Amino acid sequence: MAGTALSAPARRSVGSLPPDLNGRAVEFHSDSGATLRGWFLPGEKGKGAVVLMHGVRGSRLNTLSRARFLSAAGYTVLLFDFQAHGESGGEHITTGYLESRDARAAVDFVRAQAPGERIGVVGVSMGGAAFALAEPAPDVQAVVFELVYPTIEQAIDDRLRLNLGGWAVVFRPLMTAQLRLRLGISARDLHPIDHVARVAAPKLFIAGADDRHTTLEESRQLFAAATEPKELWVVDGAHHQDLHELKGNEYESRVLGFFEKYLRR
(Lines give C-alpha, C1' and ligand atoms only; values in the text may rest on other atoms or scores of the structure.)
Protein backbone atom coordinates (compact mmCIF):
# COMPACT_ATOMS: atom_id res chain seq x y z
CA MET A 1 0.00 0.00 0.00
CA ALA A 2 2.81 2.40 0.86
CA GLY A 3 4.63 1.61 -2.38
CA THR A 4 1.50 2.24 -4.41
CA ALA A 5 0.86 5.56 -2.70
CA LEU A 6 4.44 6.80 -2.98
CA SER A 7 4.85 6.00 -6.67
CA ALA A 8 1.39 7.14 -7.78
CA PRO A 9 1.28 10.32 -9.91
CA ALA A 10 0.67 13.61 -8.10
CA ARG A 11 -1.11 15.40 -10.91
CA ARG A 12 -3.15 18.49 -10.19
CA SER A 13 -4.38 21.60 -11.93
CA VAL A 14 -1.86 24.41 -11.60
CA GLY A 15 -3.94 27.18 -13.13
CA SER A 16 -2.77 30.25 -15.02
CA LEU A 17 0.41 32.22 -14.58
CA PRO A 18 -0.21 34.79 -11.80
CA PRO A 19 -0.87 38.23 -13.31
CA ASP A 20 1.99 39.87 -11.39
CA LEU A 21 4.53 37.81 -13.34
CA ASN A 22 5.57 38.57 -16.91
CA GLY A 23 5.91 35.30 -18.79
CA ARG A 24 4.17 32.53 -20.66
CA ALA A 25 3.07 28.93 -20.35
CA VAL A 26 5.45 26.48 -22.03
CA GLU A 27 5.78 22.77 -22.67
CA PHE A 28 8.75 20.66 -23.77
CA HIS A 29 9.60 16.99 -24.15
CA SER A 30 11.80 14.97 -21.81
CA ASP A 31 13.62 11.67 -22.32
CA SER A 32 11.58 10.43 -19.35
CA GLY A 33 8.86 10.04 -21.99
CA ALA A 34 6.74 12.85 -20.60
CA THR A 35 5.69 16.21 -21.93
CA LEU A 36 6.61 18.71 -19.24
CA ARG A 37 4.63 21.87 -18.59
CA GLY A 38 5.73 25.04 -16.88
CA TRP A 39 6.08 28.81 -16.95
CA PHE A 40 8.92 30.72 -18.58
CA LEU A 41 9.71 34.24 -17.34
CA PRO A 42 12.11 36.21 -19.58
CA GLY A 43 14.65 38.34 -17.76
CA GLU A 44 17.20 41.02 -18.51
CA LYS A 45 19.87 40.07 -21.01
CA GLY A 46 23.19 39.16 -19.44
CA LYS A 47 21.83 38.73 -15.91
CA GLY A 48 21.57 34.94 -16.03
CA ALA A 49 18.82 32.31 -15.96
CA VAL A 50 17.60 30.02 -13.18
CA VAL A 51 15.73 26.71 -13.38
CA LEU A 52 13.56 25.90 -10.36
CA MET A 53 13.05 22.20 -9.52
CA HIS A 54 10.38 21.31 -6.95
CA GLY A 55 10.20 18.46 -4.44
CA VAL A 56 8.37 15.14 -4.50
CA ARG A 57 4.58 15.25 -4.92
CA GLY A 58 4.81 19.01 -5.49
CA SER A 59 4.49 21.20 -8.57
CA ARG A 60 5.80 24.46 -9.98
CA LEU A 61 3.53 26.24 -7.49
CA ASN A 62 5.93 25.22 -4.73
CA THR A 63 8.68 27.28 -6.37
CA LEU A 64 6.51 30.27 -7.25
CA SER A 65 7.74 32.50 -4.42
CA ARG A 66 11.34 31.85 -5.47
CA ALA A 67 10.45 32.70 -9.07
CA ARG A 68 9.08 36.05 -7.91
CA PHE A 69 12.24 37.31 -6.20
CA LEU A 70 14.53 35.91 -8.89
CA SER A 71 12.47 37.48 -11.66
CA ALA A 72 12.39 40.80 -9.79
CA ALA A 73 16.20 40.67 -9.68
CA GLY A 74 16.33 40.39 -13.48
CA TYR A 75 16.92 36.65 -13.90
CA THR A 76 15.24 34.62 -16.61
CA VAL A 77 13.31 31.90 -14.76
CA LEU A 78 11.84 28.51 -15.66
CA LEU A 79 9.56 26.77 -13.19
CA PHE A 80 8.04 23.49 -14.33
CA ASP A 81 6.31 20.30 -13.19
CA PHE A 82 8.39 17.11 -13.12
CA GLN A 83 6.99 14.02 -14.84
CA ALA A 84 3.99 12.54 -12.99
CA HIS A 85 3.58 15.85 -11.12
CA GLY A 86 1.32 18.85 -11.60
CA GLU A 87 0.19 19.17 -15.21
CA SER A 88 3.03 17.16 -16.77
CA GLY A 89 2.66 13.63 -18.16
CA GLY A 90 4.13 10.48 -16.63
CA GLU A 91 2.91 7.30 -14.99
CA HIS A 92 5.02 6.89 -11.83
CA ILE A 93 6.95 9.10 -9.43
CA THR A 94 10.51 7.71 -9.29
CA THR A 95 12.01 9.99 -6.59
CA GLY A 96 14.67 11.34 -8.92
CA TYR A 97 15.38 8.61 -11.50
CA LEU A 98 13.14 9.58 -14.42
CA GLU A 99 13.01 13.09 -13.01
CA SER A 100 16.76 13.37 -13.67
CA ARG A 101 15.95 13.28 -17.38
CA ASP A 102 13.45 16.06 -16.83
CA ALA A 103 16.17 18.10 -15.11
CA ARG A 104 18.36 17.82 -18.20
CA ALA A 105 15.44 18.67 -20.48
CA ALA A 106 14.63 21.78 -18.43
CA VAL A 107 18.22 23.06 -18.59
CA ASP A 108 18.35 22.40 -22.34
CA PHE A 109 15.06 24.24 -22.81
CA VAL A 110 16.34 27.32 -21.00
CA ARG A 111 19.58 27.26 -22.98
CA ALA A 112 17.57 27.29 -26.20
CA GLN A 113 15.22 30.02 -25.02
CA ALA A 114 17.89 32.24 -23.47
CA PRO A 115 21.05 31.67 -25.55
CA GLY A 116 24.24 32.97 -24.06
CA GLU A 117 22.92 33.24 -20.53
CA ARG A 118 24.76 31.59 -17.65
CA ILE A 119 22.39 29.09 -16.03
CA GLY A 120 21.75 28.30 -12.38
CA VAL A 121 19.54 25.71 -10.71
CA VAL A 122 17.63 25.58 -7.43
CA GLY A 123 16.79 21.94 -6.65
CA VAL A 124 14.56 21.38 -3.63
CA SER A 125 14.64 17.88 -2.07
CA MET A 126 13.77 15.50 -4.94
CA GLY A 127 14.48 18.33 -7.39
CA GLY A 128 18.07 18.54 -6.19
CA ALA A 129 18.42 14.76 -6.24
CA ALA A 130 17.11 14.68 -9.82
CA PHE A 131 19.70 17.23 -10.90
CA ALA A 132 22.54 15.35 -9.19
CA LEU A 133 21.47 12.07 -10.81
CA ALA A 134 21.28 13.51 -14.34
CA GLU A 135 23.73 11.90 -16.78
CA PRO A 136 25.75 13.41 -18.17
CA ALA A 137 25.76 16.26 -15.68
CA PRO A 138 23.94 19.27 -17.18
CA ASP A 139 26.18 22.16 -18.13
CA VAL A 140 25.28 24.90 -15.67
CA GLN A 141 27.26 27.56 -13.81
CA ALA A 142 25.75 27.40 -10.29
CA VAL A 143 23.56 24.99 -8.29
CA VAL A 144 21.62 25.31 -5.05
CA PHE A 145 21.00 21.91 -3.44
CA GLU A 146 18.27 22.34 -0.85
CA LEU A 147 17.36 19.56 1.64
CA VAL A 148 18.61 16.79 -0.69
CA TYR A 149 18.87 13.15 0.45
CA PRO A 150 22.22 11.33 -0.06
CA THR A 151 20.79 7.83 -0.70
CA ILE A 152 17.28 6.44 -1.03
CA GLU A 153 18.00 3.96 1.78
CA GLN A 154 18.67 6.82 4.19
CA ALA A 155 15.59 8.68 2.98
CA ILE A 156 13.40 5.62 3.57
CA ASP A 157 14.91 4.94 7.00
CA ASP A 158 14.35 8.54 8.08
CA ARG A 159 10.69 8.42 7.11
CA LEU A 160 10.11 5.05 8.73
CA ARG A 161 11.64 6.29 11.98
CA LEU A 162 9.64 9.50 11.82
CA ASN A 163 6.30 7.82 11.22
CA LEU A 164 6.59 4.48 13.02
CA GLY A 165 9.63 4.64 15.29
CA GLY A 166 13.21 3.44 15.12
CA TRP A 167 12.28 -0.24 14.98
CA ALA A 168 10.48 0.29 11.66
CA VAL A 169 13.71 0.41 9.64
CA VAL A 170 13.35 -3.39 9.40
CA PHE A 171 10.73 -2.67 6.72
CA ARG A 172 13.19 -0.87 4.45
CA PRO A 173 14.02 -3.96 2.32
CA LEU A 174 10.32 -4.30 1.56
CA MET A 175 10.32 -0.73 0.27
CA THR A 176 13.54 -0.90 -1.77
CA ALA A 177 12.50 -4.23 -3.33
CA GLN A 178 9.55 -2.45 -4.92
CA LEU A 179 11.88 -0.18 -6.89
CA ARG A 180 12.80 -3.12 -9.12
CA LEU A 181 9.31 -4.61 -9.21
CA ARG A 182 7.41 -1.38 -9.90
CA LEU A 183 9.93 0.85 -11.67
CA GLY A 184 12.67 -1.42 -13.00
CA ILE A 185 15.42 0.35 -11.08
CA SER A 186 17.55 -0.43 -8.03
CA ALA A 187 18.32 1.53 -4.90
CA ARG A 188 21.78 2.25 -6.34
CA ASP A 189 20.09 4.28 -9.06
CA LEU A 190 18.93 6.70 -6.36
CA HIS A 191 22.23 7.67 -4.73
CA PRO A 192 22.83 11.40 -5.35
CA ILE A 193 25.90 11.14 -3.12
CA ASP A 194 27.57 8.94 -5.76
CA HIS A 195 26.99 11.54 -8.48
CA VAL A 196 27.33 14.95 -6.85
CA ALA A 197 31.11 15.04 -7.38
CA ARG A 198 30.45 15.17 -11.14
CA VAL A 199 28.72 18.53 -10.74
CA ALA A 200 31.60 20.85 -11.51
CA ALA A 201 29.65 24.08 -11.05
CA PRO A 202 29.85 26.04 -7.79
CA LYS A 203 27.37 24.64 -5.28
CA LEU A 204 25.41 26.06 -2.36
CA PHE A 205 24.02 23.36 -0.05
CA ILE A 206 21.19 24.35 2.27
CA ALA A 207 20.28 22.08 5.19
CA GLY A 208 17.79 22.24 8.03
CA ALA A 209 19.34 21.93 11.48
CA ASP A 210 16.25 20.08 12.76
CA ASP A 211 15.31 18.23 9.57
CA ARG A 212 14.25 14.65 10.32
CA HIS A 213 13.46 13.72 6.68
CA THR A 214 17.03 14.50 5.58
CA THR A 215 19.10 14.84 8.72
CA LEU A 216 21.85 17.39 9.16
CA GLU A 217 24.42 14.60 9.27
CA GLU A 218 23.15 13.29 5.92
CA SER A 219 23.35 16.79 4.42
CA ARG A 220 26.92 17.06 5.66
CA GLN A 221 27.72 13.73 3.99
CA LEU A 222 26.40 15.01 0.67
CA PHE A 223 28.34 18.25 1.08
CA ALA A 224 31.55 16.34 1.87
CA ALA A 225 31.18 14.28 -1.31
CA ALA A 226 30.94 17.38 -3.52
CA THR A 227 33.90 19.09 -5.15
CA GLU A 228 34.95 22.70 -4.64
CA PRO A 229 33.80 25.41 -4.95
CA LYS A 230 31.02 24.72 -2.47
CA GLU A 231 29.26 26.37 0.46
CA LEU A 232 27.01 25.02 3.23
CA TRP A 233 24.27 27.02 4.95
CA VAL A 234 22.69 25.28 7.96
CA VAL A 235 19.35 26.91 8.73
CA ASP A 236 18.75 26.99 12.49
CA GLY A 237 15.36 25.66 13.58
CA ALA A 238 14.48 24.42 10.08
CA HIS A 239 12.74 21.14 9.39
CA HIS A 240 11.99 19.62 5.95
CA GLN A 241 9.96 22.64 4.86
CA ASP A 242 9.85 25.62 2.53
CA LEU A 243 13.00 27.43 3.60
CA HIS A 244 12.18 30.52 1.57
CA GLU A 245 8.91 30.85 3.44
CA LEU A 246 10.71 30.26 6.73
CA LYS A 247 13.67 32.60 6.29
CA GLY A 248 12.37 35.14 3.78
CA ASN A 249 14.86 37.97 3.39
CA GLU A 250 17.85 35.93 4.59
CA TYR A 251 17.09 33.17 2.09
CA GLU A 252 16.77 35.70 -0.73
CA SER A 253 19.97 37.48 0.27
CA ARG A 254 22.02 34.27 0.34
CA VAL A 255 20.63 32.83 -2.90
CA LEU A 256 20.84 36.13 -4.78
CA GLY A 257 24.38 36.68 -3.53
CA PHE A 258 25.38 33.20 -4.70
CA PHE A 259 23.88 33.66 -8.17
CA GLU A 260 25.21 37.22 -8.43
CA LYS A 261 28.71 35.82 -7.96
CA TYR A 262 28.47 33.09 -10.58
CA LEU A 263 25.79 34.02 -13.12
CA ARG A 264 26.12 37.73 -13.81
CA ARG A 265 28.21 38.68 -16.83
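Residues numbered from 1 in each chain as written. Predicted model: local features only at pLDDT ≥ 70, side-chain atom pairs only at ≥ 80, totals over all residues. Heavy atoms only, no water.

Participant: Help me out: how do you make sense of the side chain of aspartate 211 in this one?
Facilitator: Here aspartate 211 is to be found in the loop between strand E9 (203-208) and helix H7 (216-225). For the buried residue aspartate 211, which engages in no salt bridge, the nearest side chain bearing the opposite charge is arginine 159, 6.6 Å off. When residues no more than four places from it in sequence are discounted, the contact partners of aspartate 211 are Leu147, Leu216, Ala238, His239 and His240. (Helix = DSSP H or I, 4+ residues; strand = E, 2+ residues; numbered from the N terminus. Buried < 20%, exposed > 50% of the residue type's maximum accessible area, 1.4 Å probe, protein only. Lys, Arg positive; Asp, Glu negative; His and termini not counted. Salt bridge = Lys/Arg side-chain N within 4 Å of Asp/Glu carboxyl O. Contact = heavy atoms within 4.5 Å.)

Participant: Explanation requested: the packing of aromatic side chains in the structure shown.
Facilitator: Aromatic ring pairs: the centre-centre distance and the angle between the two ring planes describe each pair. Summed over the entire model, instances satisfying the criterion amount to 13 aromatic pairs. Ring pairing ties together the aromatic residues Phe28, Phe40, Phe80, Phe82 and Phe109, which thus form one cluster. For the cation-ring pair, lysine 230 lies above phenylalanine 223, with the distance from its terminal atom to the ring centre recorded as 4.6 Å. Over the aromatic face of tyrosine 75 sits the side chain of arginine 264, whose NZ or CZ is 4.1 Å from the ring centroid. (Phe/Tyr/Trp six-rings, centres within 6.5 Å; stacked < 30°, edge-to-face > 60°. Lys NZ or Arg CZ within 6 Å of the ring centre and 35° of its normal.)

Participant: Please explain the pairing of strand E4 (residues 49-53) as it appears in this structure.
Facilitator: Every regular strand shows the same layout, with side chains that alternate between the two sheet faces. The buried fraction of E4 is high, at five of five residues. Every second residue of E4 is oriented toward a common face, with Ala49, Val51 and Met53 on one face and Val50 and Leu52 on the other, all of them buried. Relative to strand E5 (residues 76-80), E4 runs parallel, the two sharing four bridges. Across the sheet, alanine 49 pairs through a bridge with threonine 76, a residue of E5. Crossover handedness for the path E4 to helix H2 (residues 64-72) to E5: right-handed. Here E4 runs beside strand E7 (residues 119-124); their pairing, made up of five bridges, is parallel. Within E7, the residue paired with valine 50 across the bridge is glycine 120. (Pairing = 2+ DSSP bridges. Right-handed = clockwise from strand over helix to strand, strands pointing away.)

Participant: Please clarify how the environment of proline 115 should be interpreted in this entry.
Facilitator: With respect to the helices, strands and loops of the structure, proline 115 is situated in the loop between helix H3 (97-113) and E7. Look at proline 115 and you get exposed, because its relative accessible area is 60%. Sequence-wise, proline 115 and isoleucine 206 are 91 residues apart; in three dimensions their C-alpha atoms are separated by 29 Å.

Participant: Just to check I follow, could you spell out helix H6 (residues 172-183) for this structure?
Facilitator: Every α-helix winds through 3.6 residues per turn, so residues three or four apart in the chain are directed the same way. An ideal rise of 1.5 Å per residue puts 16 Å on twelve residues; H6 measures up with 17 Å between its terminal C-alpha atoms. Those residues of H6 that are buried lie in contact with helix H1 (2-7) and helix H5 (152-164). Looking one or two places after H6, you find glycine 184, whose phi comes out positive at around 75°. (Expected span 1.5 Å × (residues − 1).)

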